[in-house]
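Inside the fold
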Amino acid sequence: MSDTNPEEEKPKKKKGKMKGLVIGLLAVAVLGGGGAAGGFYVAGTMGGEDHEPEDPNKPKIILKDGTAVSEKEAKTAVPAETDSKFKVSYHQIEQPFTSNLSNSESFAQLSLAISTYYDERVFQNVTDHEIAIRSAVLMELGQQDPFELETSEGKLKLKKKLRDVINQTLTEKSGFGGIEDVYFTSIVVQ
């Protein structure tokens with residue numbers, strides 16, 4: 001006969017099965033929890049903004065047919081590569097801007113117009129915050145090199161910088177930028 005008692009082997013097998021079951025359940029819990037956490041992370045980073053309610057005071061994009069739509073609706077209605085279905089609105093800033101230029105005795109005087117695809121609230125914000133916009137534009141203009149402003153590339157860079165400065169100012173003051181482009185209606189560098 002054997003030295004081991006058959007009764008002693010049964011509890012060891014149960015403990016082994018129980019241990020395997022616990023390890024299996026822990027593995028499922030860890031993997032499932034990790035998968036769920038990953039899913040929530042991706043949902044939060046890729047589509048999180050879709051869950052935020054849209055601000056009713058935020059300007060709407062205007063389609064060429066005159067329909068006002070939210071940004072979310074515009075993204076689904078029109079491919080991102082094309083702006084052809086949007087109505088462009090223009091606004092002339094009445095007073096010209098005059099500033100000395102960086103490290104020189106030169107100055108620049110320019111008149112600006114701006115454009116947007118959004119409704120009239122963007123231009124109302126421009127009018128409401130014109131003093132802050134004028135200050136920001138003059139600060140940017142004063143940092144320009146007169147030799148760069150004599151080239152087309154320099155003027156294009158300035159247009160982009162002015163658009164960004166105006167949008168940043170509008171965002172700080174009203175919570176929304178919305179300026180698509182800046183246009184020189186006159187520019188003199190001396």
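Below is a short write-up of the structure. (Residues numbered from 1 in each chain as written. Predicted model: local features only at pLDDT ≥ 70, side-chain atom pairs only at ≥ 80, totals over all residues. Heavy atoms only, no water.)

A separate point is the overall build of the protein. When helices and strands are tallied, the protein shows 5 helices and 6 strands. The order of α-helices and β-strands along the protein, N terminus first, is α-β-β-α-β-β-β-α-α-α-β. Expressed as a percentage of the 190 residues in the protein, the buried residues total 28%. Sequence separation of 24 or more characterises 63% of the internal contacts of the protein that already satisfy a separation of 6 or more. (Helix = DSSP H or I, 4+ residues; strand = E, 2+ residues; numbered from the N terminus. Buried < 20%, exposed > 50% of the residue type's maximum accessible area, 1.4 Å probe, protein only. Contact = heavy atoms within 4.5 Å.)

Right, let's get into the nonpolar core. In terms of nonpolar packing, the biggest core is built from 28 residues, with Leu112, Ile114, Ile166 and Ile179 touching the most fellow members. Broken down by secondary-structure element, the contributors of at least two residues to this core are strand E5 (107–116), helix H3 (121–128), helix H4 (130–142) and helix H5 (152–174). Other than its neighbours up to four places away in sequence, Ile166 contacts Ile114, Ile133, Val137, Ile179 and Val182. (Core = buried A, V, L, I, M, F, W, Y, C linked by side-chain atoms within 4.5 Å.)

As a further point, take the pattern of salt bridges. Scanning the model with the defined rule gives 4 salt bridges in all. When the shortest N-O distance is used, the salt bridge between Lys58 and Glu71 registers 3.0 Å. Taken together, the positions of Lys58 in the loop between helix H1 (6–46) and strand E1 (61–62) and Glu71 in helix H2 (residues 71–77) put the pair 13 residues apart, joining distant regions of the chain. The shortest N-O distance in the salt bridge between Lys159 and Asp181 comes to 3.8 Å. (Salt bridge = Lys/Arg side-chain N within 4 Å of Asp/Glu carboxyl O.)

Now for the environment of Glu54. Note that Glu54 resides in the loop between H1 and E1. With 18 residues separating them in the primary sequence, Glu54 and Lys72 have C-alpha atoms 9.0 Å apart. Not counting residues within four places of it along the chain, the set of residues in contact with Glu54 comprises Lys60, Ser70, Glu71 and Lys72.

Moving on, we get to the side chain of Glu140. Within the secondary structure layout, Glu140 lies in helix H4. Here Glu140 sits buried without a salt bridge, and the closest side chain of opposite charge, Lys161, lies 4.3 Å off (N-O distance). (Lys, Arg positive; Asp, Glu negative; His and termini not counted.)

Before going further, it helps to examine the packing of H4 against H5. Closest axis-to-axis distance for the H4/H5 pair is 9 Å, and the angle between their directions is 145 degrees. When the axes of H4 and H5 are compared, the crossing they make is right-handed. Facing Ala132, Ile133, Ala136, Val137, Glu140 and Leu141 of H4, the residues of H5 in contact are Leu158, Lys161, Leu162, Val165, Ile166, Thr169, Leu170 and Lys173. By residue class, the composition of the contact of H4 with H5 is 10 nonpolar, 1 polar and 3 charged. (Axes fitted to C-alpha atoms, helices over the stretch in contact; angles between N-to-C directions. Left-handed = near helix turned anticlockwise from the far one by under 90°. Nonpolar A, V, L, I, M, F, W, Y, C, P; charged D, E, K, R; others polar.)

Here we take up H5. Relative to the 33 Å expected for 23 residues at 1.5 Å per residue, H5 spans 32 Å between its end C-alpha atoms, a close match to the ideal helical length. Residues of H5 that are buried: Gly154, Leu158, Lys159, Leu162, Val165, Ile166, Asn167, Thr169 and Leu170. Buried residues belonging to H5 abut E5, H3, H4 and strand E6 (181–189). After H5 finishes, the residue Gly175 shows a positive phi value of roughly 90 degrees. (Expected span 1.5 Å × (residues − 1).)

The next subject is H4. Counted at 1.5 Å a residue, the expected span for H4 with its 13 residues is 18 Å, and the 18 Å between its end C-alpha atoms agrees. Those residues of H4 that fall on the buried side of the exposure criterion are Ile133, Arg134, Ala136, Val137, Glu140 and Leu141. When H4 is viewed along its axis, its buried side chains cluster within an angular range of 165 degrees and face the same direction. Relative to its buried face, H4 has exposed residues pointing more than 90 degrees away, namely Ile131 and Met139. Buried residues along H4 sit in contact with strand E4 (97–100), E5, H3 and H5. (Arc of directions from axis to C-beta.)

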